Amino acid sequence: MLHTKLLTAVAATALLAAPAAIAQTTPAHIEQAAAPALPPASSENVIEVLKMHGRFSTLLQALDQAQLTETLATRDRITIFAPTDEVFAALPEGERARLLNPANAQELRNLMLYHVLVADLTPEQIQGARGPIATAGGIEVTIDGTGDAIVVADATVSEPAIDAANGGIYVIDKLLNPNAAVQGDAEAETPPPPPTSAVEDDAN
């Protein structure tokens with residue numbers, strides 16, 4: 001099981017209200033572990049690395065519109081689950097345009113925050129573990145490192161992690177859905193109805 005939540009409610013509120021004021025909230029047990037499987041340490045931040053790779057223009061546009069670009073570029077210990085341009089292009093017709101419509105700015109911001117952790121989560125910490133972690137929006141996402149590939153909610157990490165000066169990037173093959181996570185939590189908290197026989201007995 002992955003350890004405790006990596007983002008406190010206070011930090012989530014700070015990120016939502018004022019991106020530049022994110023608190024340093026990573027627990028002491030989450031350390032900068034050596035990652036021999038990753039590329040050499042980059043001198044560029046996560047935003048600069050995304051730009052260099054050339055496959056994340058829609059994600060970068062969405063982060064800009066959600067007013068998160070500067071925050072992610074300047075804060076330490078950031079993890080981004082990054083859908084490629086191909087993932088956005090595969091969305092249903094009109095959905096991409098709807099998300100990027102300024103009228104839906106808050107929905108887009110919530111979506112982007114669900115793709116961010118305020119922690120530098122290394123593959124070594126994920127390997128062999130499975131459990132929920134709070135995203136920057138405060139909604140938990142389940143990460144599963146028990147199989148051949150890392151799975152984030154219902155998306156799969158499609159290639160080795162990309163290192164950056166202030167964190168890391170995991171390329172995913174689907175857009176994560178915070179609404180599905182909230183709905184799943186609500187269903188889990190709803191008690192099951194009593195058996196039909198018990199209802200009938202009470203009626204008699």
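Residues numbered from 1 in each chain as written. Predicted model: local features only at pLDDT ≥ 70, side-chain atom pairs only at ≥ 80, totals over all residues. Heavy atoms only, no water.

## Regarding the overall build of the protein chain
Step number 1: For the protein chain, the helix and strand inventory stands at ten helices and eight strands.
Step number 2: Here the protein chain holds 204 residues, and 44% of them are scored as buried. (Helix = DSSP H or I, 4+ residues; strand = E, 2+ residues; numbered from the N terminus. Buried < 20%, exposed > 50% of the residue type's maximum accessible area, 1.4 Å probe, protein only.)

## Observations concerning the pairing of strand β1 (residues 78-83)
Step number 1: Among the six residues in β1, six count as buried, and that is most of the element.
Step number 2: Alternating positions in β1 separate into two faces, I78, I80 and A82 on one and T79, F81 and P83 on the other, with burial throughout.
Step number 3: Relative to strand β8 (residues 167-172), β1 runs parallel, the two being bridged by six bridges. Bridge pairing links P83 to I172 in β8.
Step number 4: Sheet analysis places β1 next to strand β2 (residues 116-117), joined by two bridges and oriented antiparallel. By the bridge assignment for β2, I80 is matched with V116. (Pairing = 2+ DSSP bridges.)

## Some thoughts on the packing of aromatic side chains
Step number 1: With the rule as written, the count across this model stands at one aromatic pair.
Step number 2: When the centroid spacing of 6.0 Å and the interplanar angle of 40° are considered together, the rings of F81 and Y170 count as tilted. Highlighted residues: F81 in strand β1 and Y170 in strand β8, separated in sequence by 89 residues. The residues F81 and Y170 share a single accessibility class, namely buried. (Phe/Tyr/Trp six-rings, centres within 6.5 Å; stacked < 30°, edge-to-face > 60°.)

## Comments concerning the sheet that holds strand β6 (residues 155-156)
Step number 1: Taken in spatial order, the four strands make up an open sheet running β3-β4-β5-β6, and their pairing is antiparallel. Edge positions in the sheet fall to β3 (130-134) and β6, since each of these pairs with one other strand and no more.
Step number 2: Note that β3 and strand β4 (residues 140-144) share five bridges and pair antiparallel. Residue pairing across strands places G131 opposite I143, the latter belonging to β4.

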